[in-house]
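The residues making up each chain are set out below.
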Amino acid sequence: DSGVTQTPKHLITATGQRVTLRCSPRSGDLSVYWYQQSLDQGLQFLIQYYNGEERAKGNILERFSAQQFPDLHSELNLSSLELGDSALYFCASSPPPAGGWGELFFGEGSRLTVL
Amino acid sequence: KNQVEQSPQSLIILEGKNCTLQCNYTVSPFSNLRWYKQDTGRGPVSLTIMTFSENTKSNGRYTATLDADTKQSSLHITASQLSDSASYICVVVTGNQFYFGTGTSLTVIP
């Protein structure tokens, strides 16, 4: 158990709909990262937050948005869903300071299926 | 362009045998290199983190090597077990950016 909690574990929805994925980082970790992993694909970086502020942005679509709340949990909002958005969405957290030296702890992922 | 390439894409070995996975990268400047193990449908778990000055690091039956001059790393698995069946992902870090390889899928058969 990494200490990173993601909900829901599975989600099935229809095209055009909107969903929200939630992530609670490990206690004490200030950084939250979101990744998308499509079938048989590598992990694609979406966005990073550090202590409530957006820190880095990857290949995140305009239909997607995220935020990190004062209690440090984060939500990833996916709207106008398309079939191609079906994927595993992982959240990872990292202890301070922000930057590339901290260990990344991954949650178990949220599997999104768009029908 | 910063890239991380892994080979082979997939590998099948007999239980008890050794294997070596490769990672070549073009990421610059280099901060550190990590190897992760990802079981099917699960989140990746860290195996090793190596900095520029480290050329070998072990974690049990896993040994990672790094040649920062040629920008190559390898992950050697000794005396494989069925539980080693997973995807192994090489990640190269520069600054605050993490660059992920697409992974090597390892299957260990009895």
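Residues numbered from 1 in each chain as written. Chains lettered and ligands numbered in written order. Predicted model: local features only at pLDDT ≥ 70, side-chain atom pairs only at ≥ 80, totals over all residues. Heavy atoms only, no water.

Participant: Is there a simple way to think about the packing of aromatic side chains in this case?
Facilitator: Each aromatic ring pair is specified by the distance between its two centres and by the angle formed by the two planes. Tallying each qualifying case throughout the model produces 13 aromatic pairs over all chains. Here Tyr33(A) and Phe98(B) contribute two aromatic rings whose centre-to-centre distance is 5.4 Å and whose plane-to-plane angle is 80°, an arrangement assigned as edge-to-face. Taken together, the residues span two chains, with Tyr33(A) in strand β4 (residues 31-37) and Phe98(B) in strand β10 (residues 97-100). Pair check on accessibility: Tyr33(A) and Phe98(B) agree, each one buried. (Phe/Tyr/Trp six-rings, centres within 6.5 Å; stacked < 30°, edge-to-face > 60°. Helix = DSSP H or I, 4+ residues; strand = E, 2+ residues; numbered from the N terminus. Buried < 20%, exposed > 50% of the residue type's maximum accessible area, 1.4 Å probe, protein only.)

Participant: Where do I start with the interface of chain B and chain A in this structure?
Facilitator: Much of the literature gives interface size as the accessible area that the parts lose upon coming together. Each partner contributes to the interface: chain B provides 21 residues, whereas chain A provides 21 residues. Regarding the contact of chain B and chain A, the summed buried area is about 1,600 Å², with carbon and sulfur atoms giving 52% of it. Ranking the residues of chain B by area buried against chain A places Asn96(B), Phe98(B) and Phe100(B) at the top, with a combined share of 32%. Our count for the chain B to chain A interface comes out at two salt bridges. Here Arg34(B) and Glu103(A) are joined by a salt bridge, their closest N and O atoms 3.9 Å apart. Counting across the interface, chain B meets chain A through four residue pairs in polar contact (both at pLDDT 80 or more). Residue assignment for the side of chain B that touches chain A shows that the elements contributing at least two residues are β4 (32-38), β5 (45-51), β9 (86-94) and β10 of chain B. At four residues, the largest contribution of residues to the side of chain B that touches chain A is made by β4(B). For the side of chain B that touches chain A, the per-class residue count stands at seven nonpolar, 12 polar and two charged. (Contact = heavy atoms within 4.5 Å. Buried area = accessible area lost by both parts, 1.4 Å probe. Salt bridge = Lys/Arg side-chain N within 4 Å of Asp/Glu carboxyl O. Polar contact = N/O pair within 3.5 Å; in protein donor to acceptor, adjacent residues only side chain to side chain. Nonpolar A, V, L, I, M, F, W, Y, C, P; charged D, E, K, R; others polar.)

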